[in-house]
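# Topology and contacts: notes
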Amino acid sequence: MPHHRFEQSTSGVYLLFAHEAYYPTPGQEINTSLVAAATLLHPRVRQPDGTRIHERLTRGRRPGEIVPLATLTHELDGGRLWPQVGDWQAVTADLLQLIHDHACDALGLGLSPIARALVCTSSHSEVRAYDPTTECEQVFGPADRIEVLVEIGRQLARAEAGRPLGPGDILPPGGDTAGDEIFYLPHPQ
């Protein structure tokens, strides 16, 4: 199988998206993935949808910024403008297939339910958790979401040590399995 590398986006932006959990090894759940924005340009990603989402994702972002799919949805008038940009469900399904096929680099994350809920909501939303044993409700908000994204950024820095996530490597059989790394993030305090 040939070894390809698509040009990395000069913005160095990353897309974070939640998906159905899968288990690369027993007991290790991956329910959220992070890919380089340029992965949206991969020919196995639905086009031109991937390209349009890439343009929207990278516009005005800082290098190294991690952008949850929920942030894009919020920016697209709460999702009402997605049809003008692209089919995000098909694109994220294609990205997940690339990850499973080791055709791109990815950081697989096993986020806690609260952390996952926080990255699946807008930056201004709150997530409420009820503990039936204590009959207490805990509210997690924007500061907790930032904390989760900062921790994901730390995990990304460790995963990229020496080599940034590639947007389109087609790895030979038995090649690098960096996309299989799992990080369990603690519940925000």
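As a reminder, the structure under discussion sits directly above these lines.
Residues numbered from 1 in each chain as written. Predicted model: local features only at pLDDT ≥ 70, side-chain atom pairs only at ≥ 80, totals over all residues. Heavy atoms only, no water.

## Structural notes on the overall build of the chain
Cut-off, in case you're wondering: The helix and strand labels rest on DSSP assignments: H or I over at least four residues marks a helix, E over at least two residues marks a strand, and numbering proceeds from the N terminus. Three exposure classes are used, based on accessible area relative to the maximum for each residue type with a 1.4 Å probe and protein chains only: buried under 20%, partly exposed in between, and exposed over 50%. Any two residues having at least one pair of non-hydrogen atoms within 4.5 Å are treated as being in contact. Values of accessible area rely on a 1.4 Å probe in the Shrake-Rupley scheme; residue burial ignores everything except the protein chains shown.
Helix and strand content of the chain: 6 helices and 7 strands. Across the 189 residues that make up the chain, the buried fraction comes to 47%. Across the chain, every contact between residues at least 6 apart in sequence was considered, and the portion connecting residues at least 24 apart equals 71%. Surface accessibility of the chain: about 9600 Å² in total, with carbon and sulfur atoms responsible for 54%.

## So, the nonpolar core
Just so we agree on the cut-off: The set of buried Ala, Val, Leu, Ile, Met, Phe, Trp, Tyr and Cys residues whose side-chain atoms join them within 4.5 Å is what this entry labels a nonpolar core.
Formed by 25 residues in total, the largest nonpolar core has its most connected members in L15, L57, L72, L95 and I99. Going through the elements one at a time, β1 (14-25), β2 (28-36), α1 (49-58), α2 (69-75), α3 (82-85) and α4 (88-100) are the ones with two or more residues in this core. With 5 residues, α4 is the single largest residue contributor to this core. Not counting residues up to four positions away in its chain, the partners in contact with I99 are F17, Y22, S33, V35, C104 and A106. Formed by 19 residues, the second largest nonpolar core is a distinct cluster that contains Y14, I66, L118 and V127.

## What to know about the pairing of strand β5 (residues 127-131)
Rules: A pair of strands counts as paired when DSSP detects no fewer than two bridges linking them.
The pairing of β5 with strand β6 (residues 136-140) spans 5 bridges and is antiparallel. Bridge assignment links D131 to a residue of β6, and that residue is C136. Connecting β5 to the next strand, β6, in antiparallel fashion are 4 residues, including E135 with a positive phi near 55°.

## Examining the environment of R80
Under the convention used in this document: Under this definition, polar contacts are N or O atom pairs within 3.5 Å; protein pairs additionally need one hydrogen-donor-capable and one acceptor-capable atom, and for neighbouring residues in sequence, both atoms have to be side-chain atoms.
Counting through the fold element by element, R80 comes out in the loop between α2 and α3. Since its relative accessible area comes to 60%, R80 is described here as exposed. Of the polar contacts made by the side chain of R80, one reaches the side chain of D77; its length is 3.1 Å.

All quantities given are derived from atomic positions and should not be read as evidence of function.
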